[in-house]
Structure formats: structure tokens, C-alpha cells
Amino acid sequence: MSPEDVAGAAELLAAAPDVTLLAHVNPDADALGSALALGRALRSRGARVRVSFGHPEEVPSSLRMLDADGLIVPAAEVPAAPPLLVACDAGSLQRLGGLADRVPATIAAGGAVLIIDHHVANPRFGTHHLIDDEAEATVVLVLRLLDELGVPLDLPIARCLYAGLVTDSGRFRRARPATHLMAARLLEAGVEPDELTRSLMDTHPFAWLPMLSVVLRQAALEPGAAQGLGLVHAVVRLEHSGPVRSEELDSVIDIVRTTAEAEVAVVLKEISPDRWSVSLRADRRIDVGDAASRCGGGGHRLAAGFTADGTAEQVLTSVREALAVAPSL
Ligand code: MN
């Protein structure tokens with residue numbers, strides 16, 4: 001990413017009277033925090049702003065507090081071809097889900113599409129791009145834009161940016177000096193890190209506990225898999241997730257991956273009968289982004305995912321095969 005990219009994106013946004021910002025499907029704190037922080041900043045400059053995402057219909061409850069201005073609208077209310085579309089943290093067009101059709105429609109109507117993202121191998125599917133695959137989070141790129149636009153960091157914007165930074169950096173485990181310098185600016189703007197992190201990452205409904213007990217009891221360790229580095233996997237079937245919302249299931253992988261004997265952790269989440277959302281994590285020695293892309297998905301070197309059909313055992317077989325040939329790091 002060059003300084004010209006930042007200046008070009010800022011110029012595009014500064015002149016826009018109407019901006020539609022999209023997060024990827026099943027939005028996380030980085031995607032939604034990026035869209036909401038930039039949305040609030042542009043609204044303060046007088047633009048008409050809406051924020052949305054393709055799926056699910058409701059805002060994940062842990063992220064609701066980030067929308068201080070009520071900018072989020074249902075996907076159905078996103079215009080067919082808005083004049084300026086901004087996609088945040090979407091590594092590919094497909095990651096926009098049901099709103100992906102807005103991208104070609106906007107371009108065909110002569111509008112602009114700005115892609116702000118940090119995923120490896122983003123196919124640059126817009127008309128303008130602010131992409132840096134070395135950035136810890138998309139919110140890092142959003143802050144560079146806000147600085148370029150001269151927008152001051154108020155508390156609601158800082159909370160959105162901190163939410164993306166603390167989650168995508170793995171609670172600052174994957175941090176560089178610059179990550180902490182950014183965090184320092186956000187704390188100076190008033191962010192309460194303990195309160196924000198607790199509601200984002202450490203709060204679950206009670207039903208999460210019985211779900212965990214069933215899922216973790218059936219977790220399995222395969223020491224010889226993943227090129228002998230070890231694979232641990234767990235399967236969350238529809239009947240186990242019960243009243244636990246999909247977003248609550250995303251943290252299962254964070255528990256499974258603590259297994260000492262396995263370099264790679266995989267969690268299969270059943271999203272409809274025999275359809276699976278698969279998450280992969282590696283500690284540091286194997287490229288699970290490569291493995292995920294062999295299975296039709298993608299992501300980062302140490303955190304990736306894909307969607308697949310079949311039985312859980314069939315999906316695990318393709319994961320084992322992909323891990324057997326994934327590059328080591
Ligand atoms: Mn991200």
C-alpha cells in the first residue's frame with residue numbers, strides 16, 4: 001500500500017455525499033468496526049451514510065454497542081447501485097454474500113467501489129483499493145484514512161477501531177510496536193480496554209457452557225496429521241448449538257487451539273444439515289491459509305476458513321489432505 005493509495009481513497013471519500021459501507025457476512029469486530037468508524041467520520045463531514053452486511057439479518061449482539069449512531073440498515077435497504085460503495089475487511093467478492101451483487105451493479109452504473117482490506121491475495125474487485133496484507137487489521141487502514149481526512153478520534157470512533165484491533169491481533173499477541181502505538185492513541189481517546197474487551201470477547205449466554213461440554217467432550221487429537229505436527233478437531237452439530245447463536249460458536253476454536261499436542265486446530269460448525277463452516281488455526285509452523293484455499297476458502301497464514309458440504313468425516317478428510325501438502329512456515 002502506497003501513500004498515494006491512502007490519498008486517493010481519502011479524496012474519493014471526502015467528495016462523496018452518499019456512502020454505503022459493507023462488512024463481510026457474519027461480520028466480526030474488525031469488519032463492522034471499520035465500517036462504523038469510517039461511517040461516523042463521513043457522517044460528521046456531512047455525508048449520508050449507511051452500513052450493512054449480507055448475513056445474518058441481526059447485528060451480532062456482542063457488536064451492537066459499536067453502532068453509536070444507528071448507521072446499520074438491513075441488507076434489503078441497501079440501494080441496488082449506490083454512488084459509492086466501500087467494502088471493509090472482505091477478502092473476496094463472495095465474502096459480501098447476498099450484497100455481492102451491489103459491486104458489479106455500482107460499477108456498471110458508473111459508481112465507485114473502494115475496497116479496504118488486509119487479507120492475503122485480495123483479488124482487488126473494486127474500482128479503488130486500500131489493501132495492505134501486512135496490516136494486523138482493517139481498522140489500521142481505516143485509521144490511516146481518518147488521519148488523511150483530518151477527522152479527530154472521538155470516543156465512538158476509537159471504540160470501533162479498538163474493537164477491530166484487539167480481536168484481529170489476538171488480544172495483541174500478533175502485535176508490532178505500531179500496533180501498540182495505535183492502541184495508545186485509542187486509549188487516549190477514552191477507550192476502556194477491560195470493559196470493551198469483556199463485552200466483545202469474554203461474555204456469553206449461559207447456554208454456551210452446556211454446548212461447550214458436549215462439543216469439547218467429542219474433540220479428537222490426531223498426532224500424526226498436519227505433517228506430523230498434530231491436528232485437533234471438534235465438531236459443532238446443529239443439535240448441539242441449540243439456542244446458542246452462531247457468533248457464540250466462533251470462540252470454540254479459541255479453546256480447541258490451546259491443545260499443546262497439536263499445531264493445527266480445526267472446528268466444523270454445521271450451518272444447515274450437512275453444510276459446514278470450517279475454521280482453521282495454526283500456532284506458527286504451517287500455512288492454514290493455503291490449506292483453506294485448497295478447500296475453496298481462504299484467509300490468513302495462521303487463521304483461515306472455508307465452507308463445505310458433506311458429512312463431517314468427509315470434510316475432515318479434505319482438511320487432512322490439504323494440511324498434508326500445506327507449506328510450512
Ligand atoms: Mn480483519
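With that settled, the discussion passes to the overall build of the chain. Looking only at helices and strands, one finds 13 helices and 11 strands in the chain. Here the C-alpha atoms of the chain give a radius of gyration of 20 Å, agreeing with the 20 Å that 2.2 N^0.38 yields for 329 residues. Each of the three principal axes of the chain carries a C-alpha extent, and together these read 55 × 45 × 40 Å. Across the 329 residues that make up the chain, the buried fraction comes to 51%. For the chain, contacts bridging at least 24 residues in sequence account for 66% of all contacts bridging at least 6. A total accessible area of about 14200 Å² is found for the chain, and carbon and sulfur atoms account for 52% of it. The chain carries 29 positive and 43 negative side-chain charges, and their two centres are separated by 1 Å.

Looking now at the coordination of the manganese ion. Within the protein, the atoms that donate to the manganese ion are Asp 30 (OD), Asp 89 (OD), His 118 (NE2) and Asp 168 (OD), at distances of 2.1 to 2.4 Å. Going along the chain, you hit the donors of the manganese ion in the pattern D-x58-D-x28-H-x49-D. Within this pair, whereas Asp 89 is found in the loop between strand S3 (84–88) and helix H3 (102–108), its partner Asp 168 is found in helix H5 (residues 155–168), the two being separated by 79 residues in sequence. As far as the burial class goes, Asp 89 and Asp 168 line up, both buried.

Ordered in space as S2-S1-S3-S4-S5, the five strands form an open sheet in which the pairing is parallel. At either margin of the open sheet sits one strand with a lone partner, and together these are strand S2 (48–53) and strand S5 (128–131). Averaged over all adjacent pairs, the angle separating strand axes in this sheet is 15°, with direction ignored. As paired elements, strand S4 (residues 112–117) and S5 share four bridges and run parallel to each other.

Here the focus is the domain arrangement of the chain. Here the chain is partitioned into domain 1 (3–201) and domain 2 (208–325). Each of domain 1 and domain 2 has a C-alpha centre, and these two points are 27 Å apart. Tallying the contact residues gives nine residues for domain 1 and five residues for domain 2. Its largest share of buried area at the contact with domain 2, domain 1 owes to Ser 61, His 119 and Val 120, together 46% of the area lost on that side. Counting across the interface, domain 1 meets domain 2 through one salt bridge. Between domain 1 and domain 2 we count one residue pair in polar contact (both at pLDDT 80 or more) in total.

Time to look at the side chain of Thr 106. Mapped onto the fold, Thr 106 is located in helix H3. Once residues within four sequence positions are removed from consideration, Thr 106 is found in contact with Ala 81, Pro 82, Pro 83, Leu 85, Gly 111, Ala 112 and Val 113.

On inspection of all chains with the given rule, the structure shows 20 salt bridges. Here Asp 101 ties to Arg 102 by a salt bridge, and the two come within 2.8 Å at their closest N and O atoms. The salt bridge partner of Arg 294 is Asp 290, with a shortest N-O separation of 2.8 Å. With Arg 294 and Asp 290 both in helix H12 (residues 288–294), this residue pair falls four residues apart, about one helical turn.

A word on unusual backbone geometry. Backbone torsion omega between His 55 and Pro 56 reads -10°, so that peptide bond is classified as cis. Take Pro 56: it is sitting in the loop between S2 and S3. Even without being a glycine, Asn 26 presents a positive backbone phi close to 45°. Looking at where Asn 26 falls in the secondary structure, it is placed in the loop between strand S1 (18–23) and helix H2 (29–44). Of the residues examined, Asn 26 reaches a relative accessible area of 42% and is grouped as partly exposed. We note that Ala 226 has phi near 55°; this positive angle belongs to a residue other than glycine. One can find Ala 226 in the loop between strand S6 (220–222) and strand S7 (231–236).

At a minimum axis separation of 9 Å, helix H4 (residues 138–149) and H5 run at an interaxial angle of 150°. Relative to H5, the element H4 lies roughly antiparallel. Of the residues in H5, those in contact with Val 139, Val 140, Val 142, Leu 143 and Leu 146 of H4 are Ile 157, Cys 160, Leu 161, Gly 164 and Leu 165. When its residues are assigned to classes, the contact of H4 with H5 shows nine nonpolar, one polar and no charged.

What follows concerns the sheet that holds strand S10 (residues 298–299). What the six strands build is an open sheet, ordered S6-S7-S8-S9-S11-S10; its pairing is mixed. Bordering the open sheet on either side are S6 and S10, each of which pairs with just one other strand. Contacts from helix H13 (residues 312–325) reach S6, S7, strand S8 (264–272), strand S9 (275–282) and strand S11 (303–309), with the element oriented near 35° to S9.

Turning our attention to the packing of aromatic side chains. Scanning the model with the defined rule gives one aromatic pair in all. Taking 5.8 Å as the distance between ring centres and 55° as the angle between the ring planes, the aromatic pair formed by Tyr 162 and Phe 172 counts as tilted. You can see Tyr 162 sitting in helix H5 and its partner Phe 172 sitting in the loop between H5 and helix H6 (177–188), a full 10 residues away along the chain. The two residues Tyr 162 and Phe 172 agree in class, both being buried.

Thresholds, definitions, all that
- Numbers given to residues run from 1 along each chain, matching the order in which its sequence is written.
- Local features in a predicted model are, by the rule used here, given only for residues with pLDDT of at least 70; side-chain atom pairs are given and counted only at 80 or more, and totals for whole chains, interfaces and linings are based on all residues.
- Excluding hydrogens and water, the side-chain values take into account all heavy atoms of the structure.
- Numbering of helices and strands starts at the N terminus; helices are DSSP runs of H or I of at least 4 residues and strands are runs of E of at least 2.
- The globule rule used for comparison is 2.2 Å times the number of residues to the exponent 0.38, while the radius of gyration itself is calculated over C-alpha atoms.
- Each residue's exposure class comes from its accessible area (1.4 Å probe, protein chains only) as a fraction of the maximum for that residue type: buried when under 20%, exposed when over 50%, partly exposed otherwise.
- Any two residues whose heavy atoms approach within 4.5 Å at even a single point are treated as in contact.
- Accessible areas in this description were obtained via Shrake-Rupley with a 1.4 Å probe; residue shielding takes into account the shown protein chains only.
- Charged residues are defined here as Lys and Arg on the positive side and Asp and Glu on the negative side; His and the ends of the chain fall outside this count.
- By convention, the charge on Lys lies at NZ, on Arg at CZ, on Asp at CG and on Glu at CD.
- Distances decide who is a donor: an N, O or S atom must be within 2.8 Å of the metal, or within 3.2 Å for Na, K and Ca. Water is not included, so sites may look incomplete.
- One requirement defines pairing of two strands: DSSP has to find at least two bridges between them.
- An axis is simply a line fitted to the C-alpha atoms; with a helix, the fit covers only the stretch in contact. Between two such axes, the angle follows the N-to-C directions and lies from 0 to 180 degrees.
- Residue ranges for the domains originate in an automatic or database domain assignment.
- Simply put, the buried area is the total loss of 1.4 Å probe accessible area from both parts when two parts are fitted together.
- Any Lys or Arg side-chain nitrogen located within 4 Å of an Asp or Glu carboxyl oxygen qualifies as a salt bridge.
- Under this definition, polar contacts are N or O atom pairs within 3.5 Å; protein pairs additionally need one hydrogen-donor-capable and one acceptor-capable atom, and for neighbouring residues in sequence, both atoms have to be side-chain atoms.
- Convention used here: angles under 35 degrees read as roughly parallel, angles over 145 as roughly antiparallel, angles from 65 to 115 as roughly perpendicular, and any remaining angle as oblique.
- Residues are sorted three ways: Asp, Glu, Lys and Arg are charged, Ala, Val, Leu, Ile, Met, Phe, Trp, Tyr, Cys and Pro are nonpolar, and all the rest, Gly among them, are polar.
- Put simply, two rings from Phe, Tyr or Trp (the six-membered ring, in Trp's case) pair if the centres are within 6.5 Å, and we call them stacked under 30 degrees between planes, edge-to-face over 60, tilted for the rest.

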